[in-house]
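Coordinates in review
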Amino acid sequence: MPWLHISPDSDFSLQNLPFGIFHTGDNRPRAGMAIGGHIIDLEAAAEAGLFGKRRFFKKIFGQATLNDFIALGKPVTNGIRRKVRNWLELPATPENALQIIADRESATMLMPIRVPNYTDFYSSIEHATNVGKMFRPDNPLLPNWRWMPIGYHGRASSIVVSGTPIRRPSGQILAPGGEPDTPIYAPSRQLDFELEMAFVIGKESTLGEPITVENAEEYIFGLVLFNDWSARDIQRWEYVPLGPFLGKNFGSSMAPWIVPLEALKPYRVKGPKQKPAPLDYLKTKGAKNLDIELAVTLTSTKLNVPTLLCQSNTKYLYWSMVQQLAHHTVNGCNVQVGDLMASGTISGPTPESLGSMLEITLGGRNPITLNDGSTRAFLQDGDVVTMRGSAGEGEGRVGFGEVIGEVLVLK
Ligand code: MN
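Residue positions are given per chain, counting from 1 as you read along its sequence in written order. Per-residue local features of the predicted model are confined to residues with pLDDT of at least 70, and side-chain atom pairs are confined, for both listing and counting, to 80 or more; whole-chain, interface and lining totals are unaffected and use all residues. Based on all heavy atoms of the structure, the side-chain values leave hydrogens and waters out of the count.

Description of the pairing of strand E19 (residues 293–299)
Note on classification: 1.4 Å probe, protein chains only; a residue is buried when its accessible area is under 20% of the maximum for its type, exposed when over 50%, partly exposed between these limits. By definition, any uninterrupted DSSP run of H or I lasting at least four residues is a helix, any uninterrupted run of E lasting at least two residues is a strand, and each is numbered from the N terminus. Judged by how many residues are buried, E19 sits mostly within the fold: 6 of 7 residues are covered. Note on pairing: DSSP must find at least two bridges between two strands before they are called paired. One ladder, built from 7 bridges, connects E19 with strand E24 (residues 384–391); its direction is antiparallel. Within E24, the position partnered with Thr299 by the bridge is Val384.

In structure tokens, the structure reads:
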């Protein structure tokens, strides 16, 4: 860019241009686009006439969520990215630059979308196998797993933006040493994170009409880093027969920036070979997975030195996003703009690539030592979990920013 400096290691290159909602201490939420250490104030850019239809776009971008903008469809949302890109590539500093560009460091990021529905999948074969081994040693992968992307309907109301503290949930747990199958009500002792990537639905579908794998990408607006906090002790006692409930629905954290699917085009890769071959409605051709490197760090209250807990990659996912969406709607279930569909914990094949404490510490049996010398089986109060993700390097780098959450210290 001729007139705006972007650090080469920034998550937010010209290739990326993700969308979010921010304010600058004035409590006036509005839409923005990240570029390097800056935010393009899209409401101000609309006001300056950058997009034409001044009043229309000023209203669209002057809202507290991106839902109405996303619902305009990809020709419009991609058109806005193109116009901002052209503006950033002008040979000299434009006159209106000061009004349009905000400093990212001093901005407060808000929930970027209103989430009508949240679905969580279970698409990593490594994660499903690791967890299955703990709960069912002889039979880790249930017979249906290789035939369909397993998922459940999660809770949308408790999804929060990065930076929001998470309160340790209390619930029914089986206390060690107690009578078998006699629960107590207590704060969870096995609070965990789950490293996930979620996608945001950008187009409404009709009840009764499935979305096909071929058309699924039309319905995917963009991707967002996601931490699906979990309470393993609550989960273990409640999950049979209907699956996750209070062990999951007390909070999930999303990064503030939604990366448009288009920005990730250069990072498409083929997924793992699927055996048995999926049924016809789940058959895909070509590169349907994404090569996005992921990392999780944990910082304790004791020392401000983060410990790297996990390095994984979305390319390991057995079931792709288009397969998840096709399966989700094959019975006629409809989707709405802003719906979030999360991948499930993204673990890889190596010991360094395990995406939850449950897997890293083998259900708490092998605690790990942090850089400050303390040990963890699961998360303690005051622990800060940070997830990052990025594809590519330098000018083509597409990063996801961070999703951070601190486990509240209750007094
Ligand atoms: Mn999950």
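Picking up after the structure, the text goes on.
So, the sheet that holds strand E1 (residues 19–23)
Spatial strand order, E4-E3-E2-E1-E5: 5 strands in an open sheet with antiparallel pairing. Across the chains shown, the open sheet's two edge strands, defined by having one partner strand only, are strand E4 (101–103) and strand E5 (108–110). Along the sheet, successive strands turn relative to each other by an average axial angle of 50°, direction set aside. Sheet analysis places E1 next to strand E2 (residues 30–35), joined by 4 bridges and oriented antiparallel. Bridge pairing links Ile21 to Ala31 in E2. In this description, contact between two residues means that some pair of their heavy atoms is separated by no more than 4.5 Å. Between N-to-C directions, angles span 0 to 180 degrees; the directions come from axes that are lines fitted to C-alpha atoms, helices contributing only their stretch in contact. Along the sheet, helix H4 (residues 74–88) contacts E1, E2, strand E3 (38–41) and E4; its crossing angle with E2, the most-contacted strand, is approximately 55°.

A short note on the sheet that holds E19
A sheet is described by the order of its strands in space; here 4 strands give the open sequence E20-E19-E24-E25, paired in antiparallel fashion. Sheet topology places strand E20 (307–313) and strand E25 (398–406) at the edges, where each strand pairs with a single neighbour. Across this sheet, the average inter-strand angle for adjacent strands is 15°, counted without regard to direction. Examined bridge by bridge, E24 and E25 share 7 bridges and lie antiparallel to one another. Note that in E25 the partner of Met387 across the bridge is Val403.

Brief notes about the coordination of the manganese ion
Keep in mind that water is not among the atoms, so a site may look incomplete; donors are the N, O and S atoms within 2.8 Å of the metal, or 3.2 Å for Na, K and Ca. Protein coordination at the manganese ion comes from Asp120 (OD), Glu194 (OE), Glu196 (OE) and Asp228 (OD), with a distance range of 2.1 Å. Read in sequence order, the donor residues for the manganese ion give the motif D-x73-E-x1-E-x31-D. Under the relative-accessibility criterion, Glu194 is labelled buried at 3%.

Re empty space enclosed by the protein
The way it works is a 1 Å grid over only the protein atoms, where trapped points that fit a 1.4 Å probe form a cavity and open points with protein on both sides within 12 Å along at least five of seven lines form a pocket, and then any residue with an atom within 4 Å of a point lines it. Grid points are joined across faces, edges and corners, and a volume is the space filled by probe spheres set on the points. Considering all chains together, one arrives at 2 cavities of 30 Å³ or more under this definition. The computed volume of the largest cavity comes to approximately 150 Å³. If you trace the largest cavity, you find 16 residues lining it, with Leu223, Leu290, Thr314, Leu317 and Met321 closest to the centre. Residue assignment for the lining of the largest cavity shows that the elements contributing at least two residues are strand E12 (195–201), strand E18 (289–290), helix H8 (321–329) and strand E21 (340–342). Residue contributions to the lining of the largest cavity peak at 3 residues, all from E12. Residues are grouped as follows: nonpolar covers Ala, Val, Leu, Ile, Met, Phe, Trp, Tyr, Cys and Pro; charged covers Asp, Glu, Lys and Arg; every other residue, Gly included, is treated as polar. Of the residues contributing to the lining of the largest cavity, the split by class is 10 nonpolar, 5 polar and 1 charged.

Keep in mind these numbers describe shape, not what the thing actually does.
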